[in-house]
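Each chain is listed here by its residues.
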Amino acid sequence: MRVLIIEDEAPAFRRLEKILLEIDPTIKIIEVLDSVEDSVKWMRNHDWPDLVMMDIQISDGLSFQIFDEIQVQSPVIFTTAFDEYLLKAFKVNSIDYLLKPIKKEDLKQSLDKYRNLTQKSNNPDFAALLKQISLSETKYKSRFLVKQGEKMLSIKSEDIICFQSKHSVVHIVTRHEKTYLSDFTLEDLSGQLDPHIFYRANRQFLINANYVHAVHRHFKGKLLVEMDRYNGEQILVSSEKATAFKGWLDQ
């Protein structure tokens, strides 16, 4: 079995590789990719694998974007660390998922499901199915409860300019020029917020598209993002993510 892995975290890939080979030593991992852009480019220039193992959150966005760019012709098993609503959707539609950290028994069941599915149909329409799921009524987080002294405040997601991770603590920056502490990590937030509105610009920032005022070219192909009502640290997008970021803004 020829397997393509799309995963941007090295420890997660190594764990997945180890368990795959323990289950079936004949499996051949033909490539490991970590972004939407590289995945689309690879798929356009190579023969389709027997199976794709695909993380939902990768370095330059959601892996659903791959299906917008190219018609995926291989079965897909998703891996993720969040979003139970989406997981249930995959389960109902017979495309399996693995919840991180991946367990050997779960992966074996997923591979068995893959084999059963491919035996029933030589050409399952995975692209159409994923398109339908990605456009379904996913419930994204619309407000956050934060502490201010002895009281609690409810902050609307639409009022948040960005989330900033600083010294392992996430700060919520609002359009009212207020900053609050969050109990969530940026990884958690990436799975709870609408990806059409919020984007993981880098390891420190998750930004709201509605407050992006301008984007400037920066050193070595990077982009400098200027946000309305925000005067904090520079928000930079790497040269590797620049194309995907501009595509996200231009949707």
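Conventions used here
Residues numbered from 1 in each chain as written. Predicted model: local features only at pLDDT ≥ 70, side-chain atom pairs only at ≥ 80, totals over all residues. Heavy atoms only, no water. Helix = DSSP H or I, 4+ residues; strand = E, 2+ residues; numbered from the N terminus. Buried < 20%, exposed > 50% of the residue type's maximum accessible area, 1.4 Å probe, protein only. Contact = heavy atoms within 4.5 Å. Areas by Shrake-Rupley, 256 points an atom, 1.4 Å probe, with all protein chains shown as cover. Phe/Tyr/Trp six-rings, centres within 6.5 Å; stacked < 30°, edge-to-face > 60°. Lys NZ or Arg CZ within 6 Å of the ring centre and 35° of its normal. Arc of directions from axis to C-beta. Pairing = 2+ DSSP bridges. Axes fitted to C-alpha atoms, helices over the stretch in contact; angles between N-to-C directions.

Caption draft 1: Expanded view of the overall build of the protein chain. Helix and strand counts for the protein chain stand at 8 helices and 17 strands. A total of 251 residues make up the protein chain; the buried ones form 43% of that total. Long-range pairs, those at least 24 residues apart, make up 55% of the contacts in the protein chain between residues at least 6 apart in sequence. A total of about 14,200 Å² of accessible surface is found on the protein chain, and carbon and sulfur atoms cover 47% of it.

Caption draft 2: Summary view of the packing of aromatic side chains. This structure, assessed with the given rule, holds 7 aromatic pairs. Taken together, a centroid distance of 6.3 Å and an interplanar angle of 80 degrees make the contact between Phe205 and Tyr230 edge-to-face. Residue Phe205 is located in strand β14 (residues 205–208), and its partner Tyr230 is located in the loop between β16 (223–227) and β17 (235–237); the two are separated by 25 residues in the primary sequence. Here Phe205 falls in the buried class, since its relative accessible area comes to 0%. Taken together, the aromatic side chains of Phe144, Phe163, Phe184 and Phe198 make up a single cluster linked through ring pairs. Stacked on the ring of Phe144, the Lys or Arg Lys141 has its end atom at 5.0 Å from the ring centre.

Caption draft 3: Representation of helix α8 (residues 242–249). Taken together, the buried positions of α8 are occupied by Ala242, Ala244, Phe245 and Trp248. Around the axis of α8, the buried residues are gathered within 165 degrees of arc, so they sit on the same side. Contacts from the buried residues of α8 go to β13 (198–200), β14, β15 (212–217), β16 and β17.

Caption draft 4: Up close: the sheet that holds strand β1 (residues 2–6). As summarised here, the arrangement of the 5 strands in space is β2-β1-β3-β6-β7, forming an open sheet in which the pairing is parallel. At either margin of the open sheet sits one strand with a lone partner, and together these are β2 (28–33) and β7 (97–99). Neighbour to neighbour, the strand axes of the sheet diverge by 20 degrees on average, direction disregarded. In the sheet, strand β6 (residues 76–80) pairs with β7 via 3 bridges, with the strands oriented parallel. Bridge pairing links Thr80 to Leu99 in β7.

Caption draft 5: Region of the structure containing the sheet that holds β17. Spatially, β15-β16-β17 is the arrangement adopted by the 3 strands of the open sheet, whose pairing is antiparallel. Among the strands making up the open sheet, the edge pair consists of β15 and β17. Along the sheet, successive strands turn relative to each other by an average axial angle of 30 degrees, direction set aside. Relative to β16, β15 runs antiparallel, the two sharing 5 bridges. In the sheet register, Ala214 faces β16, and the bridge partner there is Glu226. The strands touched by α8 are β15, β16 and β17; relative to β16, the strand with the most contacts, the crossing angle is about 30 degrees.

Caption draft 6: Geometry of the pairing of β16. Within β16, 4 of the 5 residues are buried, which leaves the element mostly enclosed by the surrounding structure. Counted along the chain from β15 to the antiparallel partner β16, the turn is 5 residues long, and its residue Lys220 has a positive phi close to 55 degrees. Where β16 meets β17, 3 bridges bridge the pair, whose relative direction is antiparallel. Note on β17: the bridge partner recorded for Leu223 is Val237.

Caption draft 7: Region of the structure containing unusual backbone geometry. In this structure, Lys220 is a non-glycine residue whose phi angle is positive, near 55 degrees. Positive phi is not limited to glycine here, since Arg229 has a value of about 60 degrees. When you line up the elements, Arg229 lands in the loop between β16 and β17. Residue classification places Arg229 among the partly exposed residues on the basis of a relative accessible area of 48%.

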